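Examining the three-dimensional arrangement
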Amino acid sequence: MPLNDCRMIELPKIHDPRGNLTFIESSRHIPFDMKRVYYLYDVPGGADRGAHAHKNLHQFIVAMSGSFDIVLNDGERQRRFHLNRSFYGLYVCPMMWRYLDNFSSGAVCMVLASDFYDPNEYYRDFDQFKNAAGKILDETSFSGPSSDT
Ligand code: TYD
């Protein structure tokens, strides 16, 4: 999938003097049904996480506390996103290489995922990923004119 399919999504925010509230509903605020939640925390200064791609998994990533960067690469283009608000998240589509860095002290990174954990569903080698992603991008760009032209 192309990099443009990944985007920042603003979540509902209920302002309240007692403290704000944000919620996320499957397939309403994010473009998939979620089956799993995991989170990264106690990340030491200077550490990187991620450095992999998923074949079919959709993810939505939120900075629940603190801040960090997410770098996405579709095999051709790369873009860096800065996450620092708990009412925004980044939708990451399948076949997207990503790594996370620049974690602030106390940062908590929550990830909503469209499926259960499956180690066979990962690309952990960038060259293998780039090769597979290149084939998909080629198929998309050589699919010919659409039927309504
Ligand atoms: P890994 O995917 O390498 O972390 P990251 O890419 O975010 O740096 O996962 C680290 C370990 O945690 C690895 O042994 C797999 C395990 N793990 C699970 O058991 N379940 C999960 O849902 C996730 C995301 C990881």
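Residues numbered from 1 in each chain as written. Predicted model: local features only at pLDDT ≥ 70, side-chain atom pairs only at ≥ 80, totals over all residues. Heavy atoms only, no water.

What follows covers the sheet that holds strand β5 (residues 49-54). Taking strand neighbours across the sheet as the criterion, the five strands line up as β8-β7-β10-β5-β12 in an open arrangement whose pairing is antiparallel. Only two strands of the sheet have a single partner each, and these edge strands are β8 (78-83) and β12 (122-123). By the bridge criterion, six bridges tie strand β7 (residues 68-73) to β8 in an arrangement that is antiparallel. Each bridged residue has a counterpart across the sheet, and for I70 the counterpart in β8 is F81. (Pairing = 2+ DSSP bridges. Helix = DSSP H or I, 4+ residues; strand = E, 2+ residues; numbered from the N terminus.)

This part takes up the nonpolar core. Counting 29 residues, the largest nonpolar core has F60, F68 and L72 as the members making the most contacts within it. One finds M95, W97, F129 and A132 within the second-largest nonpolar core, a separate group that totals seven residues. (Core = buried A, V, L, I, M, F, W, Y, C linked by side-chain atoms within 4.5 Å. Buried < 20%, exposed > 50% of the residue type's maximum accessible area, 1.4 Å probe, protein only.)

Looking now at the sheet that holds strand β9 (residues 88-92). Ordered by their spatial adjacency, five strands build an open sheet running β1-β9-β6-β11-β4, and the pairing between neighbours is antiparallel. Strands with a single pairing partner mark the edges of an open sheet, and in this sheet they are β1 (7-10) and β4 (36-40). Going across the sheet, the axis of each strand differs from the next one's by a mean of 25 degrees, ignoring polarity. As judged from the four bridges shared by β1 and β9, these two strands associate in the antiparallel manner. Looking at β9, one finds that M8 is bridged to L90. (Axes fitted to C-alpha atoms, helices over the stretch in contact; angles between N-to-C directions.)

A few words on the pattern of salt bridges. A complete count under the given rule lists six salt bridges for this structure. We note a salt bridge from D115 to K35, for which the minimum N-O separation is 3.6 Å. With a gap of 80 residues between them, D115 in the loop between β11 (108-113) and β12 and K35 in the loop between β3 (21-22) and β4 connect regions that are remote in the sequence. Under the relative-accessibility criterion, D115 is labelled partly exposed at 35%. Classification of K35 by relative accessible area gives partly exposed; the value is 47%. A salt bridge links D69 to R80; its shortest N-O distance comes to 2.9 Å. In this pair, D69 is assigned in strand β7 and R80 in strand β8, connecting sequence segments 11 residues apart. Assessed through its relative accessible area of 7%, D69 is described here as buried. (Salt bridge = Lys/Arg side-chain N within 4 Å of Asp/Glu carboxyl O.)

Counting buried positions along strand β6 (residues 59-65) gives five out of seven residues, so the element sits mostly inside the fold. Note that β6 and β9 share four bridges and pair antiparallel. Within β9, the position partnered with I61 by the bridge is L90. Where β6 lies against β11, six bridges are found, and the strand directions are antiparallel. Counterpart to F60 in the pairing with β11 is L112.

Now for the side chain of E121. If you trace the backbone, E121 turns up in the loop between β11 and β12. Polar side-chain contacts of E121 include one of 2.8 Å to the side chain of H54. (Polar contact = N/O pair within 3.5 Å; in protein donor to acceptor, adjacent residues only side chain to side chain.)

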